[in-house]
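Examining the three-dimensional arrangement
Okay, here's what each chain looks like letter by letter:
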Amino acid sequence: MLRSLARCLMVGLALTTISTTAALAQSDGLPRTMVWTAYDLGASGYAEASAIADAFGREYGMRVRIQPSGSAIGRLQPILNKRADIGFLGNEAFFATEGLFDFATPRFGPQDLRVLMGKVNSFGMAVAADAGIESVADVEGRRVAYPAANPSSSLKCDAMLAFAGLTRDDVEVVTFPTYAATMASLSENKADVTCTVTATGQMYELAEARGIKWLDLDPNDEAGWERLNNVAPLFKPVSETQGAGLSEDKPAQLMAYRYPVLTVRAGMDDDTAYAVTKALDETYGIYKNATATAPRYAIKDAAVPPIDAPFHPGAIRYLKEIGVWNDDAAQWNEARLARLKALRGAWQDIVGQASDMDEDAFVDLWNKRREQTLAELEQQ
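Residues numbered from 1 in each chain as written. Predicted model: local features only at pLDDT ≥ 70, side-chain atom pairs only at ≥ 80, totals over all residues. Heavy atoms only, no water.

Topic: the nonpolar core
Formed by 112 residues in total, the largest nonpolar core has its most connected members in Trp36, Ile86 and Met125. The element that contributes the greatest number of residues to this core is strand 4 (residues 113–128), accounting for ten residues. If sequence neighbours within four positions are ignored, Ile86 has contacts with Met34, Val35, Trp36, Thr37, Ile79, Leu116, Leu262, Thr263, Val264, Met268 and Val276. Grouped together as the second largest cluster of nonpolar side chains are nine residues, Leu343, Ala346, Trp347 and Ala354 included. (Core = buried A, V, L, I, M, F, W, Y, C linked by side-chain atoms within 4.5 Å. Buried < 20%, exposed > 50% of the residue type's maximum accessible area, 1.4 Å probe, protein only. Helix = DSSP H or I, 4+ residues; strand = E, 2+ residues; numbered from the N terminus. Contact = heavy atoms within 4.5 Å.)

Considering the pattern of salt bridges
Per the counting criterion, the structure on display carries 18 salt bridges. Of the charged contacts in the structure, one is a salt bridge between Lys119 and Glu48, with a shortest N-O distance of 2.7 Å. Within this pair, whereas Lys119 is found in strand 4, its partner Glu48 is found in helix 3 (residues 44–60), the two being separated by 71 residues in sequence. Judged by relative accessible area, which is 1%, Lys119 ranks as buried. A salt bridge links Asp364 to Lys368, with the nearest nitrogen and oxygen atoms 3.3 Å apart. Here the residue Asp364 and the residue Lys368 both occupy positions in helix 15 (residues 359–379), the gap between them amounting to four residues, near one helical turn. Residue classification places Lys368 among the exposed positions, given a relative accessible area of 54%. Overlapping salt bridges bring together Glu98, Arg336, Arg339 and Arg370 as one network. (Salt bridge = Lys/Arg side-chain N within 4 Å of Asp/Glu carboxyl O.)

Concerning the state of the cysteines
Applying the stated criterion to the full structure yields one disulfide. For Cys157, the disulfide goes to Cys195, at an S-S distance of 2.0 Å. Here Cys157, found in helix 6 (residues 151–163), pairs with Cys195, found in strand 7 (residues 194–196); they are 38 residues apart in sequence, far enough to count as distant. Across this residue pair, the class does not change: Cys157 and Cys195 are buried. (Disulfide = S-S within 2.5 Å.)

Some points on helix 9 (residues 222–231)
All buried positions along helix 9 are accounted for by Gly224, Trp225 and Leu228. Buried residues of helix 9, viewed axially, fall in a sector of 95 degrees; they line one side. Opposite the packed face of helix 9, turned more than 90 degrees from it, sit the exposed residues Glu222, Glu226 and Asn230. Residues of helix 9 that are buried in the fold lie against helix 6, strand 9 (236–240) and strand 10 (252–265). (Arc of directions from axis to C-beta.)

Describing the packing of aromatic side chains
Under the counting rule described, the total for this entry stands at 16 aromatic pairs. Against the face of Phe123 rests Lys156, its NZ or CZ located 5.2 Å from the ring centre. We note Arg317 situated over the ring of Tyr274; from NZ or CZ to the ring centre the distance is 4.4 Å. (Phe/Tyr/Trp six-rings, centres within 6.5 Å; stacked < 30°, edge-to-face > 60°. Lys NZ or Arg CZ within 6 Å of the ring centre and 35° of its normal.)

Thoughts on the pairing of strand 4
By the criterion of burial, strand 4 is predominantly enclosed, with 16 of the 16 residues buried. In terms of strand pairing, strand 4 meets strand 10 through nine bridges, oriented antiparallel. Bridged to Met117 within strand 10 is Leu262. Relative to strand 7, strand 4 is paired through three bridges, and the arrangement is antiparallel. Looking across to strand 7, one finds that Ala126 is bridged to Thr194. One ladder, built from three bridges, connects strand 4 with strand 8 (residues 212–214); its direction is antiparallel. Pairing of Ala128 across the sheet is with Ile212, part of strand 8. (Pairing = 2+ DSSP bridges.)

Structural data, given as C-alpha cells:
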C-alpha cells in the first residue's frame, strides 16, 4: 500500500476531493478533469499547483492530474502536444515564445502560447555588506557569479547589469556548476556578486557571516529600467520585504518576475480560459497560504503585465469584468502579440533552410534573424 502511494506521488497525481458533482463543474464552464505540468516534487511551483488543484476539487469537483518535470522541455512539451492543459512554468514560457536557448532549434522555434496569470517573485543582486559595493554601477570590474546551463538566472543577471549600462564584458564572470553554488560563492569569497532570489539558505548564511546588501534598482530610474527591459520585457520594480537582511522596515528595491507562469496554448477555448481564470480568483482564499509567497497569487497583482507571454483572450474577458484590465495592460498585450507574430513570421522565413544546415549553424542564423526582426519592430 505504501509503495502504491509513493508511486502516485512520484507521477504527480493530485486527485482532488470531490464534494460536488461533475455536472456542477461543467455548469461553471470548467472541464471535469485537467492535466497540469509543474516543476519537480519539492519545488514551490509543484506545491502551489497541488494546492490550487485541491481548491478546484473542493469548490467545483474538478479532478486535476499534475505531471512534474525537472526540465523546461518536459514541462512544456505536453502542452504543445495537447496532452496537458496548463503549465506552471518558469521563464521557459518566455524562451519558448521567443525561440531562445532550447527553443532555438529547428524542432521548436517561437511557440504560440498565452498566459492566464503569474505569481510575482523578486530577484536581485546580492553582495556581502563588507564588500564596498553600494550600487549596480559599482559591480563594474567585480567577480559576478553565473550558473552554468541556467539561462533563466543568467538572463536576469544580464538584465540587472544592463540597468547600470553594464554587460558581461564589464565584469569578471565566474561560472559555477550549479545555481546553488553561485549563491554560496559569496560566503566562500569565490565571487563578489550573485544574482538570486532573497529567501534562500545561502543568503541567510551570508547575512549571518558577513552581512548582506541587496543592490537597489531605483524604480524612478526610467532609463535604467528601459535598458533592463531591453534585455527581456518581463520585469518591473518591486519593493521586497521578505528574505535575508530584509524586513518591512528595511525593504530592497528589486526586480519582479513571474513564477509560476500559468501557461496555455493560444488555441485553448476562450470559455475554458475564462472559467479557469475566474476559478483561480474565486478559490484564492483556499490556496493562498500554501507557501510563504502564495499570497502573491492575488489576481490584481498576478494577472497584469509584464509577464512572459501575451494574455489569453478568455483571461482578459474575466479581468475586464472585475476591473483589473486597463488601457495600459491592453497596450502592453497588443505589443507583445505583435512581437510574437513578428518572430513567428521570421522563423517561418528561415526554417526551410534547416535541412541544409547543421544545428549549430541554424541556431546562429536564427539568433541573427531574431535580433534583426526585433530591431525592425522597435523602429516601427
